[in-house]
Amino acid sequence: MTVSEGDSELLQQLRAVLGEAGLRIQPDDVIPDVVMRPQTTEQVSAILRLCSSAGQPVVPLGGKTGLANGHIQTGGEFGLSLERMNAIEEIDVSNRTMTVQAGCILQVAVEAAEEQELLLPLDFGARGSATLGGIAATNAGGNRVIRYGMAREVILGLEVVLADGTVITSMNKMLKNNTGYDIKQWFIGAEGTLGVITRMVLRLRPNPRSENTALLAVDSFAALTGLLRWLDARTAGTLSGFEVMWPEFYEYVTREGSLHKPPLPHGSAYYVLVETLGSEPEADAERFETVLGQAMEEGLVSDAVLTHSQSERNALWEIRDDVLEFFKLGPIIPFDVSVTLDRMEGFVDDIRSGMDAVKDPVCIVFGHLGDTNLHLILGSEDAGAFDYEALSTLLYETVQRHQGSVSAEHGIGISKREQLCRSRSSAELQLMMAMKKTLDPKNILNPNKIFAADALEAG
Ligand code: ZN
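It should be emphasised that the depicted structure is a prediction, and the values quoted were computed from it without experimental measurement. (Residues numbered from 1 in each chain as written. Predicted model: local features only at pLDDT ≥ 70, side-chain atom pairs only at ≥ 80, totals over all residues. Heavy atoms only, no water.)

### Notes on the coordination of the zinc ion
Here is the rule we go by: For Na, K and Ca the donor cut-off is 3.2 Å, and for all other metals it is 2.8 Å, counting N, O and S atoms only; because water is absent from this set, sites may look incomplete. Strands are runs of DSSP state E lasting at least 2 residues, helices are runs of H or I lasting at least 4, and numbering of each runs from the N terminus. When accessible area is computed with a 1.4 Å probe and restricted to protein chains, residues below 20% of their type maximum are described as buried, those above 50% as exposed, and intermediate ones as partly exposed.
Distances from the zinc ion to its protein donors, His368 (NE2), His375 (NE2) and Glu409 (OE), fall within 2.1 to 2.2 Å. For the zinc ion, the single-chain donor residues occur in sequence as H-x6-H-x33-E. Here His368, found in strand 17 (residues 361-368), pairs with Glu409, found in the loop between helix 13 (388-401) and helix 14 (420-423); they are 41 residues apart in sequence, far enough to count as distant. For Glu409, a relative accessible area of 16% translates into the label buried.

### Focus: unusual backbone geometry
Phi is positive for Thr372, which is not a glycine, with a value near 60°. Position of Thr372 among the secondary structure elements: in the loop between strand 17 and strand 18 (373-380). For Thr372, a relative accessible area of 26% gives the class partly exposed. At Asn443, a position not held by glycine, the phi torsion is positive, near 50°. Along the chain, the position of Asn443 falls in the loop between helix 15 (426-439) and helix 16 (453-458). In this structure Asn443 comes out as buried when scored by relative accessible area, which is 17%.

### Focus on the domain arrangement of the protein
Counted only if it meets this: Domain segmentation is taken from an automatic or database assignment of domains. In this analysis, two residues are considered to be in contact whenever any of their non-hydrogen atoms come within 4.5 Å of each other. Buried area adds together the accessible area that both of two parts lose upon being put together, with accessible area traced by a 1.4 Å probe. In what follows, salt bridge is the name for a side-chain nitrogen of Lys or Arg lying within 4 Å of a carboxyl oxygen of Asp or Glu. Counting of polar contacts relies on pairs of N or O atoms within 3.5 Å, with two restrictions inside protein: one atom must be capable of donating a hydrogen and the other of accepting it, and residues adjacent in sequence are counted only when both atoms are side-chain atoms. Classification convention: Asp, Glu, Lys, Arg as charged; Ala, Val, Leu, Ile, Met, Phe, Trp, Tyr, Cys, Pro as nonpolar; all other residues, Gly among them, as polar.
Looking at the protein, the domain boundaries give domain 1 (1-207), domain 2 (210-321), domain 3 (323-409) and domain 4 (419-458). Facing 27 residues of domain 1, the contacting portion of domain 4 comprises 12 residues. Each partner contributes to the roughly 1500 Å² buried at the junction of domain 1 and domain 4, and carbon and sulfur atoms together form 66% of this total. Counting the contacts that link domain 1 with domain 4 gives 0 salt bridges. For the pair domain 1 and domain 4, the number of links is 5 residue pairs in polar contact (both at pLDDT 80 or more). At 4 residues, helix 2 (residues 41-54) tops the list of elements feeding residues into the side of domain 1 that touches domain 4. By residue class, the composition of the side of domain 1 that touches domain 4 is 14 nonpolar, 11 polar and 2 charged.

### Quick word on helix 3 (residues 106-115)
What counts is decided by this rule: When we speak of the arc, we mean the arc of directions from the helix axis to the C-beta atoms.
Taken together, the buried positions of helix 3 are occupied by Leu106, Ala109, Val110, Ala112 and Ala113. Along the long axis of helix 3, the arc covered by the buried residues comes to 165°, so they all point the same way. Packed against the buried residues of helix 3 are strand 5 (88-92), strand 6 (97-101), strand 7 (118-119) and helix 4 (132-138). Two residues or fewer after helix 3 comes Glu117, characterised by a positive phi angle close to 60°.

### Some remarks on the sheet that holds strand 15 (residues 303-306)
Inclusion rule: Criterion used throughout: strands pair if DSSP finds at least two bridges between them. Note on definitions: angles span 0 to 180 degrees between N-to-C directions of axes, and those axes are lines fitted to C-alpha atoms, for helices only across the stretch in contact.
As summarised here, the arrangement of the 7 strands in space is 15-12-14-13-17-18-16, forming an open sheet in which the pairing is antiparallel. With one partner strand each, in any of the chains shown, strand 15 and strand 16 (332-338) form the two edges of the open sheet. In this sheet, adjacent strand axes meet at a mean angle of 15° when their direction is disregarded. Bridge count between strand 13 (residues 239-245) and strand 14 (residues 270-278): 6 bridges; the pairing is antiparallel. Bridge pairing in strand 14 places Val244 opposite Val272. Across the face of the sheet, helix 8 (residues 221-234) comes into contact with strand 12 (210-218), strand 13 and strand 14 while running at roughly 170° to strand 13. Along the sheet, helix 11 (residues 310-321) contacts strand 12, strand 13, strand 14, strand 15 and strand 17; its crossing angle with strand 12, the most-contacted strand, is approximately 50°.

### Observations regarding the sheet that holds strand 3 (residues 58-61)
Read from one edge to the other, the open sheet built from 4 strands follows the order 1-2-4-3, with strand pairing classed as mixed. The strands lining the two open edges of the sheet, one partner per strand, are strand 1 (23-25) and strand 3. Across the sheet, the mean angle separating the axes of adjacent strands is 25° when strand polarity is ignored. Two elements, strand 3 and strand 4 (residues 78-81), share 4 bridges in a ladder whose sense is parallel. By the bridge assignment for strand 4, Leu61 is matched with Ser81. Along the sheet, helix 1 (residues 9-18) contacts strand 1, strand 2 (34-36) and strand 4; its crossing angle with strand 1, the most-contacted strand, is approximately 140°.

### Here's the deal with helix 8
Inclusion rule: By definition here, a helix of n residues has an expected span of 1.5 Å times n minus one.
With 14 residues, helix 8 extends 20 Å between its outermost C-alpha atoms, agreeing within 8% with the 20 Å of an ideal straight helix rising 1.5 Å per residue. Residues Phe221, Ala223, Leu224, Thr225, Gly226, Leu227, Leu228, Trp230 and Leu231 constitute the buried set of helix 8. The elements touched by buried residues of helix 8 are helix 5 (145-148), strand 12, strand 13, strand 14, helix 10 (281-297) and helix 12 (341-355). Ala236 sits one or two positions beyond helix 8 and adopts a positive phi of about 55°.

In structure tokens, the structure reads:
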């Protein structure tokens, strides 16, 4: 679509609301070619009202760091960026809440909380560019979900603008609030398809004063789940990380000539990065060591490395985070799924036997096991043998057979739209579509995400 200035009544109306700086018309080859940049909720409301009456579709833009293509344009949408609504409006130390505008960058909010000795527990690799609005819209999680939950658990209240411009201000600060439907949850994780989140209230926690990290070797899957229960029950609620690497992951990332020395020898069935965050440095360290020692005596752990400095802790996390390394192996697809712990071993076995049919297979498994979240990297070292469709089908059919979720962290967007029916019943899908049609009857908000437009019409 080409927009020539002056030829559209809608553009003139938008410019009248937003001013020159608030409307960016991009050169022909840049998508989206129109980006609306409001500064206030009132402006968001006014422009959505205008777009709604004109039937103009809109794509809300956050930091564009999601992996399910929830932010891409499918045809003629205007972009809606809240980059100019990025203020931290308040840090309320006594209620331990932060009130922010949706365009605020995660890292800015995390650092502002830290200055008050408080913790905003959402944190992940894209912290320098992900916006809180995008995080809310995709219900992002990150590294400490096992302890603090996903965005859904951190957001206490929010303000959202509906497709027709209606502003719903639901900026709750209270932990307990049972007054009918929990409206905020309709919009968290909805990927911008039901409304545009403009502001939110976040729950802050005390800043942890102790951090204990270890890398453990484990011999069997039963020992792995036993270890998770063991640690959760004996670390006084401080367990904040239980990151599992299957041996193909660990051995490749720490292979000879790689960036990382292996802290534990190769040859174990599983490697687990364990972390606790607490409030009493000495007592926490002592308990951590004791509990790990007991786990070894119980046969849950076969080998262990404890860290004693921040640089040692970083070195362990760098091994776990070195996921880009696998792109060196050949064409690969990263997957993000959930399976319950009782099904997980069988699920991975089924994927592995399915991969036997692939020439020079790549099958790397790792995950946030405490959150039932697995990441799989499937592919082939032989580019000629790489078959995207076959690998996706193997993966998603196996997820469905084990009653798992086709998306754990990154949402549905466009990439997983056709897989949604594997994890949701038709009654669930009908209810979701009914909500979409009620809140956005003209389908102008992030159309074709989660549901294709024709599926919505037919559904
Ligand atoms: Zn992850």
